[in-house]
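Here are the chains, one letter per residue:
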Amino acid sequence: MTSIKKYLFFLFILVLFASGCGVYSFTGASIPPGAKTISIAYFINNAQYVEPSLSQSLTDALRDRFQSQTDLDFVKEGGDLQIEGYITEYSTRPVAIQGDETAAKNRLTVTVKVKYTNTIDPSKDFDVPFTRYDEYSSSEDLSAVKDQLIATINEYLVDDIFNKAVVNW
């Protein structure tokens, strides 16, 4: 075999091994050997101000991420990997105060408390809050921009939770 053919053959074997063993995926997820299932509980909104769509959209986004980027099977409860939590803050406050003491921007902040349980490797368990925010112009009404703000914040929160749970870089 020529050196290029040997290299391609080696690369092919390496790709087959890495994708077939279920331990590593090209999305960066590092699933512990033996983990086959995941359960993600509904995130209840315990914030002082409750945005009705936030719980469902966050829970769905987190489930979608794990479904699209891992080979884990979803179970209702008791998965090898378990994620549960609740929303502790949904608030808006002025930022970027101008010279005339009015806000140029407002900030929407969402905080979630997440408990991750890894029954295969309990040393990876955590119980921590995650906070993300997005800003919008003070000339805009929150009700007009909240859906886009929530989508952006949820994307960041899901990235943070997914990375802490299964990306070990």
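Residues numbered from 1 in each chain as written. Predicted model: local features only at pLDDT ≥ 70, side-chain atom pairs only at ≥ 80, totals over all residues. Heavy atoms only, no water.

Some points on the packing of aromatic side chains
Counted by the stated rule, this structure contains 4 aromatic pairs. Seen in terms of ring centroids, phenylalanine 66 and phenylalanine 162 are 4.9 Å apart; in terms of plane orientation they differ by 65 degrees. Their pairing is edge-to-face. Here phenylalanine 162 lies in helix H3 (residues 142–166) and phenylalanine 66 lies in helix H2 (residues 54–69), a separation of 96 residues in the sequence. The same class applies to phenylalanine 66 and to phenylalanine 162, which are both buried. Where phenylalanine 126 meets phenylalanine 130, the ring centres are 6.2 Å apart and the plane angle is 75 degrees; that geometry is what we call edge-to-face. For the residue pair phenylalanine 126 and phenylalanine 130, the accessibility class agrees, reading buried in each case. An aromatic cluster of at least three residues, connected via ring pairs, comprises Tyr116, Phe126 and Phe130. Geometry around phenylalanine 162 places arginine 65 over its ring, the cationic atom sitting 5.8 Å from the centre. Here the basic side chain of lysine 164 rests over the ring of phenylalanine 126, its NZ or CZ set 5.1 Å away from the ring centre. (Phe/Tyr/Trp six-rings, centres within 6.5 Å; stacked < 30°, edge-to-face > 60°. Helix = DSSP H or I, 4+ residues; strand = E, 2+ residues; numbered from the N terminus. Buried < 20%, exposed > 50% of the residue type's maximum accessible area, 1.4 Å probe, protein only. Lys NZ or Arg CZ within 6 Å of the ring centre and 35° of its normal.)

Side note on the side chain of serine 39
Among the structural elements, serine 39 can be located in strand S1 (residues 37–40). Other than its neighbours up to four places away in sequence, serine 39 contacts Val75, Lys76, Glu77, Gly78, Gly79, Leu81, Gln82 and Ile83. (Contact = heavy atoms within 4.5 Å.)

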